[in-house]
Each structure stands twice: as C-alpha cells, then as structure tokens.
Amino acid sequence: MEKRSFLSLMVMLICCVTAQAQSKVWTLEECVKYAIQNNISIKQSELDSKTALIGKKDAIGNFLPSLNASASHSWNIGLNQDITTGLLRNQTTQFTSAGANVGVDIYKGLQNQNTLRKANLSIVAAKYQLLKMQEDIALNVANAFLQVLFNKENLKVQKEQLGINEKQYARSEELVKAGSIPRGDLLDIKATVAQNNQNVIAADNALLISKLSLAQLLQLKDFENFDVVDDTNMRDENNIMAQTPSAIYDKAVEGRTELKIARTNLEIAQKDVEIAKGAFQPTLQGFYSFNSRVSYADVPVFDNMGNIIGTRNSAPFFNQFGDNKGQSFGAQLSIPIFNGFSVRNNVERSKVSLERSKIAVEQQDLDLQRNVFTAFTDAKGALNAYESSVVALEARQGAYNYAKERYDVGLMNSFDFNQSQTLLTNAQSEVIRTKYDYIFKIKILEFYFGIPLIKN
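To start, this report covers the structure provided alongside it. Given the structure is predicted, the values throughout are model-derived calculations rather than measurements.

Definitions and cut-offs
Residues numbered from 1 in each chain as written. Predicted model: local features only at pLDDT ≥ 70, side-chain atom pairs only at ≥ 80, totals over all residues. Heavy atoms only, no water. Salt bridge = Lys/Arg side-chain N within 4 Å of Asp/Glu carboxyl O. Helix = DSSP H or I, 4+ residues; strand = E, 2+ residues; numbered from the N terminus. Buried < 20%, exposed > 50% of the residue type's maximum accessible area, 1.4 Å probe, protein only. Phe/Tyr/Trp six-rings, centres within 6.5 Å; stacked < 30°, edge-to-face > 60°. Lys NZ or Arg CZ within 6 Å of the ring centre and 35° of its normal. Core = buried A, V, L, I, M, F, W, Y, C linked by side-chain atoms within 4.5 Å. Contact = heavy atoms within 4.5 Å. Arc of directions from axis to C-beta.

**Things to note about the pattern of salt bridges**
Then comes step 1: Tallied over the entire structure, the rule returns 14 salt bridges.
Then comes step 2: Between glutamate 274 and lysine 271 there is a salt bridge whose closest N-O contact spans 3.5 Å. With a gap of three residues between them, glutamate 274 and lysine 271 both fall in helix H7 (residues 257-278), about one helical turn apart.
Then comes step 3: You can call glutamate 274 partly exposed: its relative accessible area is 34%.
Then comes step 4: On the basis of relative accessible area, lysine 271 is assigned to the buried category, the value being 17%.
Then comes step 5: One salt-bridge network, held together by shared partners, links Glu135, Arg256 and Glu258.

**Some points on the packing of aromatic side chains**
Then comes step 1: Per the stated rule, a full pass over the model turns up four aromatic pairs.
Then comes step 2: Note on phenylalanine 338 and phenylalanine 341: the rings are 5.3 Å apart at their centroids and 85 degrees apart in plane angle, and the pair reads as edge-to-face.
Then comes step 3: A cation sits over an aromatic face here: lysine 251 above phenylalanine 449, 6.0 Å from the ring centre.

**What to know about the nonpolar core**
Then comes step 1: Val141, Leu214, Leu218, Phe226 and Tyr448 are the most contacted members of the largest nonpolar core, which has 62 residues in total.
Then comes step 2: Among the secondary structure elements, those contributing two or more residues to this core are helix H2 (28-38), helix H4 (111-178), helix H5 (183-217), helix H6 (245-255), helix H9 (342-408) and helix H10 (414-449).
Then comes step 3: Sort the elements by how many residues they give to this core and H4 lands first, with 15 residues.
Then comes step 4: Non-local contacts of tyrosine 448, meaning those with residues more than four positions away in its chain, are made with Ile248, Lys251, Ala252, Arg256, Glu258, Leu368, Asn371, Val372 and Ala375.
Then comes step 5: Within the second largest apolar cluster, six residues are counted, among which are Ala262, Leu266, Val273 and Leu354.

**Regarding H6**
Then comes step 1: Taken together, the buried positions of H6 are Pro245, Ile248, Tyr249 and Ala252. The arc enclosing the buried residues of H6, seen along the axis, measures out at 100 degrees, which places them on a common side.
Then comes step 2: On its buried face, H6 sits against H9 and H10.

Rendered as structure tokens:
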C-alpha cells in the first residue's frame, strides 16, 4: 500500500508540474529579457565584443619583446669542410646548432601607442553595437508581443460576434415559424454565421502565426504551448506625449546608441590616420642574438709537422656548446626614403575614411532628428485615430442596437441588419488596431527619450 501511495504521489506531482508548464504565460518584460539572453543576433554581437578584446591583446603585444628560438641537426657525408680545422675531408659528420633572437621596438613612429588606443576604441564600439542590437531586438519583441495581444482581442471580438449571430439565427428561426420574417432572411443570417465562422478561423490562424513569430524571435524551441499575458491595459504610463519633439530629440542626442557608435567610429578613423602617418617616421629596434653549435665528427690529431697521426673523439656535448657559443646585440635604425608611395597612399586612404566617418556622424544626427519628429507625429496621429475609432465604435454600437430593435419587430430586413453587424465588427476591430498601434508608437518615443522597455 505504501508503494502504491508513493507512486500515486509522484504521478500527481508530475501532472502538477506539466500543468504549470503548459499554463506558463509570458509578460513583455520576460519576453524581452529572454530574447536578449538567447537571440542569435545578440550572440553574434557578443562574439564581436570578444574579437575586439583579442585585438587589444594584440596591441599590447606590440610593446613586448619578440623572442624566437631555432635548432637544427644535420648529417654531412663525403667531402666536406671540417668545422674545427677548416680542411676538406672525406668523412661523415653530424652538426647540432641552436640559437635564440630577441627583438624589441624602441621607437616606431608612435604606431604601437596609437594602435592600442584604437583597440580600446574598438572595444567601446563593439559594446555600443551589442547595446544597439539589444535595443533593436527589444523593439522587435515589443512589436511582436503587441501583435499577439491584438490578434487575441480580435479573435475574442470575432467569437463574440459569432455567438451573437448564432443566437440571432435561433431567434430568426422562431420568427420564421411565427411568420414574422420571410425564410429568405433566415438564409441570409445562416450565410452570415458561416462567414463569421470563417472569420474566427482566420483570426485564430493569425493569432497562432503571431505567437509563432514571437517564439522564434525569442529562440524558443517549444513554442506549441507558448502564450503571453492578456495585458489589455497598456497605456502611456510615462506621459511621454507631454514632452515636445525638441525635448525628446535633445534627450536622444545625449543617449542614443547609434550616435555613440558613429562618434566612436570617427575617433577610430582619426587613430587610423595617425597610425598611417607614423610610417613616415624612422623606426629604431634593439636586438640580441645567441647561437652555438656541436660537432659529432672525430677530431684529427696532428704532429709537429702538421701531419695527421690519428683521431680522437670530439669534446663532450655541453663542453662544445659552451666553447662554440656566440652572442651579438645592438640597435637597428630604419629610415623610410621611398617605398613606391605606399605610405603616402595609406595616409590619403585613411583621410578619406575619416571624412566618411565625419559625414556619417552628421547623417546619423539628421536621421535621429527626422526619426524623433516623425515618431512624435506618428504617435500623435495614432492617438487621434484611436480616439476617433472609440467615438465611431460608440456610434456603431448605438446604430446596431437600434437596428436590432427594428429587426426584432420586423421593421428591417436581414441584409440591412447584417450590414449594421458588419460595420459594428469593423469598428471594434479598428479600435483594437489603433489602440495597439498607438501603444507601439508610444514605446518608440519612450525608446528615443531613454526610457527602457524593461527595468534593469
């Protein structure tokens, strides 16, 4: 019995966990945070930041000495020169040689210093690029999230309209039996119900596709049970419309990431010019070299007359290595005189890139100004459209109620009544569309004003 009770408890726990997983709904804040952590484009930008950090390590490495070691071993068979006597002999010898070289830049036209400064700027630019990507993804997520909410409300409207028409169809059947309305009106209402069914199916498909689009934007693998909260009370909580376009623009100039990117790229272009000019200056490099060799051949023994009277084994390895060692050190000065205009052309090319960066900053500022004023105008127009659609819905609702009263007493035919229903449904859908259009445009304005979509 205890075993059965334990198994029953485990099954209940699994069912509860499954039910909670399926009932999980996402808020806008959760969607944005998840997308920032998992979106592929953001991950690629993070890799760009890592690449910039590696570039800084390269720039620091330019200040460090270079150290290279070499070693070789060779066999010489036949007539060759004895490295000890300098004479040619038929013999088989082996040689081992080893060496090390150290070099360090003493002066290089400040190119190393400017390269390090450029690397630091590249890190800053990569961070700005990552932030810009996160902001773009956040806006895309907000747009997709609002699209899901719109489709949810639209599906609700279509279902409510279908329910009303189904009840109206049942009521019309009674009126036909009572002889109050002709059977042709009943067929018209039946066709309307069928059309409403199609509208519900289309709205349901649109909701499914919008959920799928948002789930893919979040890089969710299990999107079949994905859903968002029914947040229908979203509004201008920060009262951004109380600001003037100029005030929003001034705030955007201070904090917008795209302007920071353009300005940082301008500084990078200036460093490129300085690096290119550094190639005109002389370079001074210090060096140190060490080498030694070992021979494995038999060493000849000579008498007083210079005749070979025998051989003896070569000295031990480490003794030869110490006896044959050699060292050299010094400094090398290189003065560029003529190099086929390559340095001059690099400088001119860098200056052209600098001018492009200056123009890019000016263009980015103009684009920001235009975008802010356009966004404010769009938001103001969206608010007016929403308010107008609310007034129109109230009027359509009154007209529908009046038409229903007339239809119920047989003073209106089914065609005119269906027209009134269609106009009411369109008005309801228009209110939903304009509401979420206004909310998204408000989010864009807040974005330019520096108000984040989510709280850190």
